[in-house]
Amino acid sequence: MQLRSGIGSMTAVLMALAAFATACGGGSDPTAVKPPTGDKPAAGTTAGTGADAGKPKGGAVDFDTVFKTEERLRQALPDPESMKGWKPKTGRANVEEQPKSPAQCGPDTHWDCTRIANGSVKFEAFGETAYFDIQAYADKTAAGAACAKEKDWSVKYGKAEVTPVPGVEGHAYYRNAGSLDGLDLIMCLGTVIAKVRLEDGGGSSLDPATVHNLARLFVPRIQKAAAAS
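Draft legend 1. Structural view of the pairing of strand β2 (residues 117–125). In terms of residue burial, β2 counts as a mostly covered element, since nine of its nine residues are buried. Looking at chain direction, β2 and strand β3 (residues 128–136) are connected through nine bridges and run antiparallel. Bridging across to β3, Asn 118 finds its partner in Gln 135. Where β2 folds back on β3, the antiparallel hairpin that results is connected by two residues, among which Phe 126 adopts a positive phi of roughly 45°.

Draft legend 2. Quick look at the side chain of Glu 150. Take Glu 150: it is sitting in helix α4 (residues 140–154). Buried charged residue Glu 150 carries no salt bridge. Nearest counter-charge: Lys 195, at 7.0 Å.

Draft legend 3. Quick look at the state of the cysteines. Scanning the model with the defined rule gives two disulfides in all. The partner cysteine of Cys 147 in its disulfide is Cys 188, sulfur to sulfur 1.6 Å. Here the disulfide of Cys 147 and Cys 188 is left-handed, its torsion about the S-S bond being about -45°. Here Cys 147 is found in helix α4, whereas its partner Cys 188 is found in strand β6 (residues 180–189), with 41 residues between them in sequence. With respect to burial, Cys 147 and Cys 188 carry one shared label: buried. Of note for the chain: the bonded cysteines, numbered N- to C-terminal, pair according to 1-2, 3-4.

Draft legend 4. Representation of the sheet that holds strand β5 (residues 169–177) in the model. Taken in spatial order, the seven strands of this open sheet run β1-β2-β3-β7-β6-β5-β4, and their pairing is antiparallel. Only two strands of the sheet have a single neighbouring strand rather than two, namely β1 (87–95) and β4 (158–159). Against the sheet, α4 touches β5, β6 and β7 (192–200), its axis set at about 40° to β5. Most of the contacts of helix α5 (residues 208–227) go to β7, to which it runs at about 150°, and overall it touches β3, β5, β6 and β7.

Draft legend 5. Region of the structure containing the pattern of salt bridges. Throughout the structure, instances matching the rule amount to nine salt bridges. Where Asp 79 meets Arg 221, a salt bridge forms, and the shortest distance between an N and an O atom there is 3.7 Å. Of the two residues, Asp 79 is situated in the loop between α2 (70–76) and β1 and Arg 221 in helix α5; the sequence distance between them amounts to 142 residues. For the pair shown, Asp 79 and Arg 221 are each scored as buried. Here Glu 124 ties to Lys 89 by a salt bridge, and the two come within 4.0 Å at their closest N and O atoms. Here the residue Glu 124 occupies a position in strand β2, and Lys 89 occupies one in strand β1, the gap between them amounting to 35 residues. Here the two residues Glu 124 and Lys 89 agree in accessibility, since each one is buried.

Draft legend 6. Main features of the confidence of the model for the chain. In the predicted model, the chain carries a mean pLDDT of 77, and 72% of its residues have values of at least 70. Mean pLDDT values over the elements of the chain span from 40, in helix α1 (residues 10–24), up to 95, in β3.

Draft legend 7. A look at the nonpolar core. Membership of the largest hydrophobic core comes to 41 residues, with the highest contact counts inside it found for Phe 67, Phe 132, Met 187, Leu 189, Phe 218 and Ile 222. When residues of this core are traced back to their parent elements, those giving at least two are α2, β2, β3, β6, β7 and α5. With nine residues, the single largest contributor to this core is α5. Of all hydrophobic cores here, the second largest spans 10 residues; its members include Ala 143, Cys 147, Tyr 173 and Ile 186.

Draft legend 8. Looking closely at the pairing of β3. Within β3, eight of the nine residues are buried, leaving the element largely enclosed by the surrounding structure. Sheet topology note: the β3/β7 ladder contains nine bridges and is antiparallel. Looking at the pairing, Ala 130 lines up with Leu 198 of β7.

Draft legend 9. Local environment of unusual backbone geometry. With phi around 45°, Phe 126 is a residue other than glycine that occupies positive phi space. You can see Phe 126 is positioned in the loop between β2 and β3. Even without glycine at this site, Leu 206 takes up a positive phi of about 50°. With respect to the helices and strands, the residue Leu 206 is situated in the loop between β7 and α5.

Quick notes on the rules
- Residues numbered from 1 in each chain as written.
- Predicted model: local features only at pLDDT ≥ 70, side-chain atom pairs only at ≥ 80, totals over all residues.
- Heavy atoms only, no water.
- Buried < 20%, exposed > 50% of the residue type's maximum accessible area, 1.4 Å probe, protein only.
- Helix = DSSP H or I, 4+ residues; strand = E, 2+ residues; numbered from the N terminus.
- Pairing = 2+ DSSP bridges.
- Lys, Arg positive; Asp, Glu negative; His and termini not counted.
- Salt bridge = Lys/Arg side-chain N within 4 Å of Asp/Glu carboxyl O.
- Disulfide = S-S within 2.5 Å.
- Contact = heavy atoms within 4.5 Å.
- Axes fitted to C-alpha atoms, helices over the stretch in contact; angles between N-to-C directions.
- pLDDT = per-residue confidence, 0-100.
- Core = buried A, V, L, I, M, F, W, Y, C linked by side-chain atoms within 4.5 Å.

Printed below as a string of structure tokens:
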């Protein structure tokens, strides 16, 4: 069953993204069309989603950097330049003024309760919507606990077989609820949880290979932002 989500005001979101992209260093044409690539690549191959696609750094992704500023989040999130062929829609970065402690959250609270900052950006192309999301935590212990809780929470959805990015711990599932029909890949990366979501907008096949390729673009950006601190 395919359930569709609505699209908000084009003018408002493009104005918001323009400011976000400037902070990110992006500058590509927001109306650029995704170049035709024929059949989608098989899992484990790369897609044309920017110059950094398919180039994650080697080894396990494990860093101590705390992403506690809007600038650091913007550096980690894909920008229009890295997502050539996709139309940018929205972007935001937010730092929690009063982060909650595990004691304040309690054992049954939603998994992102203890986050100290979060950011996201959204792109569209040919019936597909790609979301990139970061939830930042005070340290690797807090991030690991949140990732474990998210994994327990996600078991109610159907498991998706997405080829993992080398050195990255993660899991994927098809999330069908309400107006959402999407495929989520969750990755635990040091002090952050990173999510890539592919959502059906009226023509998407929710191909796991596409999610894998987007993740291979996302992970090196997060690593680079962490190394720059």
